[in-house]
Amino acid sequence: MNVSKQRGAFVVEANTGAKSPSALENGELYTNTGDADGSSVTLLNDPTVGSTVSVAVTAAFTITVAAGSGETLKYGATTCGTSLTSNVVGSTATFVAATGGSGAIWVTTASL
């Protein structure tokens, strides 16, 4: 059995720069382990409904998560400007594409 496909199992990647996950990286968790100056994750542009990306702050440097061009990022019922950020170790968020294709809406109930 492929462990990465089991419910609750994540592929975890340390990101210390700029990351733009592809559709093949759907469901991955990005940390900032080893980071020294901030990192960013840009959510997939034109995603499939249900696509997910998660982040976790593991080093006291800022992670910025931004929607792709033409996409919307919502935190609960609030539309975020262009991104969400945190530098608090232990902060986590999962972003889910509630609508897909061009102009998609990404939603989160972050603890950032």
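None of these values were measured; they are calculated from a predicted model.

Asker: Any chance you could break down the sheet that holds strand β4 (residues 39-42) for me, citing the residues and the numbers?
Answerer: As summarised here, the arrangement of the four strands in space is β2-β4-β6-β9, forming an open sheet in which the pairing is mixed. On the outer flanks of this sheet lie β2 (18-19) and β9 (83-86), each paired with one strand and no other. The pairing of β4 with strand β6 (residues 63-66) spans four bridges and is parallel. By the bridge assignment, Ser39 is partnered in β6 with Ile63.

Asker: Talk me through the pairing of strand β11 (residues 105-108); I want residue IDs and the actual numbers.
Answerer: Residues of β11 alternate between two faces, with Trp106 and Thr108 buried on one and Ile105 and Val107 left unburied on the opposite face. Alignment of strand β7 (residues 72-75) against β11, held across four bridges, turns out to be parallel. Paired with Lys74 across the strands is Val107, a residue of β11. Judged from the three bridges that link them, strand β10 (residues 92-97) and β11 form a sheet pairing that is antiparallel. Within β11, the position partnered with Ala97 by the bridge is Trp106.

Asker: Can you break down the pairing of strand β5 (residues 52-56) residue by residue, with the values?
Answerer: Consecutive residues of a regular strand have side chains that alternate between opposite faces of the sheet. β5 sits mainly inside the fold: four of its five residues count as buried. For strand β3 (residues 29-31) and β5, the ladder comprises three bridges, and the chain directions are parallel. Bridging from a neighbouring strand, Leu29 pairs with Ser54 of β5. Relative to β10, β5 is paired through five bridges, and the arrangement is antiparallel. Its bridge partner lying in β10, Ala56 is registered against Thr92.

How each quantity is defined
- Residues numbered from 1 in each chain as written.
- Predicted model: local features only at pLDDT ≥ 70, side-chain atom pairs only at ≥ 80, totals over all residues.
- Heavy atoms only, no water.
- Pairing = 2+ DSSP bridges.
- Helix = DSSP H or I, 4+ residues; strand = E, 2+ residues; numbered from the N terminus.
- Buried < 20%, exposed > 50% of the residue type's maximum accessible area, 1.4 Å probe, protein only.

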